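# Report on the structure
The chain contents come next:
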Amino acid sequence: MARRATSAPPQLPERLAPGRRRRPRSPGAQERHLLSSVPAAQTLARVIRPCYGPHGRQKLLVTARGTTVLTGYAAAILRALELEHPAARLLREAAHTQAESCGDGAAFVVLLAEALLQQAEHLLRAGLPRSQLRQAYAAAAAETLALLPSLSVRSLGPLQDPFWALYSVMNTHTASQMDNLTKLVAHACWATKELDGSFRRERVGVCTLRGGRLEDSCLLPGLALCANPCGQVITVLTGARVALFVCAFGPASPNAPATARLSSPDDLTKFRKGNEQLIEKQVTQLVAAGINVVVVRGDIDENTLTQADKYGIMVIQARCRRDMVRLSEVLGTPLMPYLLPPLKPGKCQRVYLQELGEGSTVVFEWECSGTPALTLVLRGATAEGLKGAEQAVYHGIDAYFQLCQDPRLLPGAGATEMALAKILSEKGSKLEGPNGPAFLAFAQALQSLPETLAENAGLVVSEVMAEMSGAHQAGNFLVGVGAEGIINVAKEEVWDTLAAKAQGLGVVADVVLQLVSVDEIIVAKKSPMSQQDLNPLPKKAREHPSPVKKSKILGMDNEITHTLEVH
């Protein structure tokens, strides 16, 4: 398999004035990076590059807590890395911004930013001043964003089935049975769409249950939580009024330890009665407000649960805060930090326990035909497989949300990047001054993305890029990279959303413009006294260090190392 071609374009130095050429380096001297962020970006990109695209590979990560994560999702990989280099942290923050706003694109941000920084260093070595480089890069970024809408050739109609638009988006994740999963996501998004054409992501829930196969995944009407009722009441068949609490269900526990001073048996009796009266008062307040379903994100007191059973209140303990937020937004009731009834409780028709194979979920269901929420229940044999399927589902939901705001689609499989590279290269060859080399640098950086797709697909990169370049030079900008060579993305239905691509390019432009203006990274030296106070070690421990040697990841020496155990 051929390797990626990463050599600098020879035409960049020649485009600059002769007086700006760099001086020849003495033989044997080590070349110093003019951009201090380039080594960190290269190391980070080396980790993410094999995961890019539908044929990307996965990483088996062991986090600092000792948990094992199997994923090919760039945002999850970046989250697990322990980064010390400031530039690497800035790149990770930019990638997370892209992932949070658009659902995916973290790998796109890291790889394109790394390529642009490498090209920027080539221009600096060719003699282009740093201030002019930043201005030229800003002009090239603005031109790239302005060209992007002109490449949109298709849109999702308001009455169209979104399956074809979501399939290629969700297929970037490593998960089997993507056809069935995309159909479920498309149906859930379409069924919960508002009459005015808008879409709220929280109206489609995702619940994962171990057991069964991914083909056994299904849609449930309403919102389903992977939880079990804690008390004796497991069903509310009609008129459910829901309260959500992000606190303990019972008397508030003091943050500081307290001691009750009891001098006689009567004091002990009064203390117990006071505690019981407080619990009964809290529960009766909920009953008076008509609350018959309580969802708690916190500890549940047994005595308070007994009182809730007495008054017929169904108590559910949520596993994660995401479920609480989704319930709050769909039911229209706030998350209460104290055990007090909300002014506006949530309302639904019924709440019941649904058995699914070996697992079970609690379903909040509405009676009307146009239910305000649906839940996609994912089944799978392993927790890692369920995580991959869950990430693909959330990616599809985010993509549909973007398409409801902007239905325009761009050619996928690297076709858009190649088309932009062709246009920028043609414009850059005609421009005078620093803007010309900057446009050519952007073209080279964009071209590196389809090269990565070809490499991850196991293709001969030079042959694929030559065929793609010839097709795009002939005016066919719908040619991209497939599993066996170049493909027509319109026939293969491989699309990217315009909103996500534009957001990603904007994020990359911002972070690169920040990093090209940095010429040196200065880190304050840590005080020995503060280190001793934070990590007090006995003298014997200092003389005999631990056999486990922990090294830095992406430290200032720009290397990735691992935790080693010396036997």
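Here we summarise the structure given alongside this text. Not measured: the values here are computed from a predicted model. (Residues numbered from 1 in each chain as written. Predicted model: local features only at pLDDT ≥ 70, side-chain atom pairs only at ≥ 80, totals over all residues. Heavy atoms only, no water.)

This part is about the pattern of salt bridges. One pass over the full model with this rule turns up 14 salt bridges. The salt bridge partner of Glu 390 is Arg 322, with a shortest N-O separation of 3.4 Å. Of this pair, Glu 390 sits in helix α12 (residues 383-405) while Arg 322 sits in helix α11 (residues 321-331), and the two are 68 residues apart along the sequence. The exposure class of Arg 322 is partly exposed, given its relative accessible area of 46%. Among the charged side chains, a salt-bridge network with shared partners connects Glu 417, Asp 496 and Lys 501. (Salt bridge = Lys/Arg side-chain N within 4 Å of Asp/Glu carboxyl O. Helix = DSSP H or I, 4+ residues; strand = E, 2+ residues; numbered from the N terminus. Buried < 20%, exposed > 50% of the residue type's maximum accessible area, 1.4 Å probe, protein only.)

Glancing now at the sheet that holds strand β5 (residues 218-221). With mixed pairing, the three strands of this open sheet are ordered in space as β4-β14-β5. Looking at which strands have only one partner, the edges of the open sheet turn out to be β4 (204-210) and β5. Adjacent strand axes in the sheet meet at a mean angle of 30 degrees, parallel and antiparallel pairs treated alike. Where β5 meets strand β14 (residues 374-380), four bridges bridge the pair, whose relative direction is antiparallel. Bridging across to β14, Leu 220 finds its partner in Thr 375. In this fold helix α8 (residues 178-191) packs onto β4, β5 and β14, with an angle of close to 165 degrees to the strand it touches most, β14. (Pairing = 2+ DSSP bridges. Axes fitted to C-alpha atoms, helices over the stretch in contact; angles between N-to-C directions. Contact = heavy atoms within 4.5 Å.)

Here the focus is the sheet that holds strand β6 (residues 223-225). Sheet architecture is open: three strands sit in the order β6-β13-β12, paired in antiparallel fashion. Strands at the two margins of the open sheet, each flanked by one partner only, are β6 and β12 (350-356). The average angle at which neighbouring strand axes cross in this sheet is 30 degrees, direction not considered. Examined bridge by bridge, β12 and strand β13 (residues 359-365) share seven bridges and lie antiparallel to one another. Residue Gln 354 lies in a different strand from β13, and its bridge partner there is Thr 361. Strands in contact with α11 are β6 and β13; relative to β6, the strand with the most contacts, it is inclined by about 155 degrees.

Structurally, Asp 299 can be placed in the loop between β8 (293-296) and α10 (302-310). The spatial distance from the C-alpha of Asp 299 to the C-alpha of Ala 248 is 4.7 Å, given a sequence separation of 51 residues. If near-sequence neighbours (up to four positions away) are discounted, Asp 299 is found in contact with Cys 247, Ala 248, Phe 249 and Gln 317.

Let us look at the side chain of Thr 144. When you line up the elements, Thr 144 lands in helix α6 (residues 130-147). Once you skip the residues sitting within four places of it in the chain, Thr 144 turns out to touch Leu 420, Leu 424, Phe 442, Leu 446 and Leu 505.

In this section: the pairing of β4. In terms of burial, β4 is a largely internal element, five of the seven residues being buried. Here β4 runs beside β14; their pairing, made up of seven bridges, is parallel. Across the sheet, residue Gly 205 finds its bridge partner in β14, namely Thr 375.

Turning our attention to the pairing of strand β9 (residues 314-317). Judged from the four bridges that link them, β8 and β9 form a sheet pairing that is parallel. Note that in β9 the partner of Val 293 across the bridge is Met 314.

Once that is clear, we can look at the packing of aromatic side chains. This model, assessed by the stated rule, comprises three aromatic pairs. When the ring of Tyr 137 is compared with that of Phe 442, the centres are 5.1 Å apart and the planes differ by 80 degrees; the resulting orientation is edge-to-face. In this pair, Tyr 137 is assigned in helix α6 and Phe 442 in helix α14 (residues 435-456), connecting sequence segments 305 residues apart. Overall, the relative accessible area of 1% leaves Tyr 137 in the buried class. Aromatic pair Phe 163 and Tyr 167: ring centres 5.9 Å apart, planes at 35 degrees, arrangement tilted. Remark: Tyr 167 and Phe 163 occur in helix α7 (residues 163-170); sequence separation between them is four residues, near one turn of the helix. On the accessibility criterion, Phe 163 (23% relative accessible area) is partly exposed. (Phe/Tyr/Trp six-rings, centres within 6.5 Å; stacked < 30°, edge-to-face > 60°.)

Next up on the list: the state of the cysteines. According to the stated counting rule, one finds one disulfide in the structure shown. A disulfide bridge connects Cys 207 with Cys 226, and the sulfur atoms are separated by 2.2 Å. Judged by the sign of its S-S torsion, about 125 degrees, the cystine formed by Cys 207 and Cys 226 is right-handed. Linking Cys 207 in strand β4 with Cys 226 in the loop between β6 and β7 (240-245), this pair joins segments that are 19 residues apart in sequence. For Cys 226, a relative accessible area of 13% translates into the label buried. (Disulfide = S-S within 2.5 Å.)

Our focus in this paragraph is the environment of Gly 211. Mapped onto the fold, Gly 211 is located in the loop between β4 and β5. Overall, Gly 211 belongs to the buried group, its relative accessible area being 17%. For the pair Gly 211 and Arg 379, spaced 168 residues apart in the sequence, the C-alpha separation amounts to 6.0 Å. Once residues within four sequence positions are removed from consideration, Gly 211 is found in contact with Arg 379 and Gly 380.

Attention now moves to the side chain of Asn 456. Residue placement: Asn 456 occurs in helix α14. Assessed through its relative accessible area of 7%, Asn 456 is described here as buried. Each residue touching Asn 456, except ones within four places of it in the same chain, is listed here: Arg 49, Pro 50, Cys 51, Tyr 52, His 55, Gly 56 and Arg 57.

Inspection of the secondary structure puts Pro 437 in helix α14. Pro 437 sits 317 residues away from Ala 120 along the chain, and the two C-alpha atoms are 9.7 Å apart.

A separate point is the nonpolar core. By size, the foremost hydrophobic cluster in this structure holds 84 residues, and its most contacted members are Leu 78, Leu 112, Leu 116, Leu 117, Tyr 137 and Val 512. With 14 residues, helix α5 (residues 106-126) is the single largest residue contributor to this core. If we skip the residues at most four places from it in the chain, Leu 117 touches Leu 35, Ser 37, Val 38, Ala 41, Val 512, Leu 515 and Val 516. Listed in part, the 31 residues of the second largest apolar core include Leu 376, Ala 392, Ile 397 and Leu 403. (Core = buried A, V, L, I, M, F, W, Y, C linked by side-chain atoms within 4.5 Å.)

Attention now goes to unusual backbone geometry. Phi is positive for Ala 413, which is not a glycine, with a value near 60 degrees. Tracing the chain through its elements places Ala 413 in the loop between β15 (408-411) and α13 (415-428). For Ala 413, a relative accessible area of 13% translates into the label buried. Phi is positive for Glu 493, which is not a glycine, with a value near 60 degrees. Residue position: Glu 493 is located in the loop between α16 (489-492) and β18 (495-497). Residue classification places Glu 493 among the partly exposed residues on the basis of a relative accessible area of 26%.

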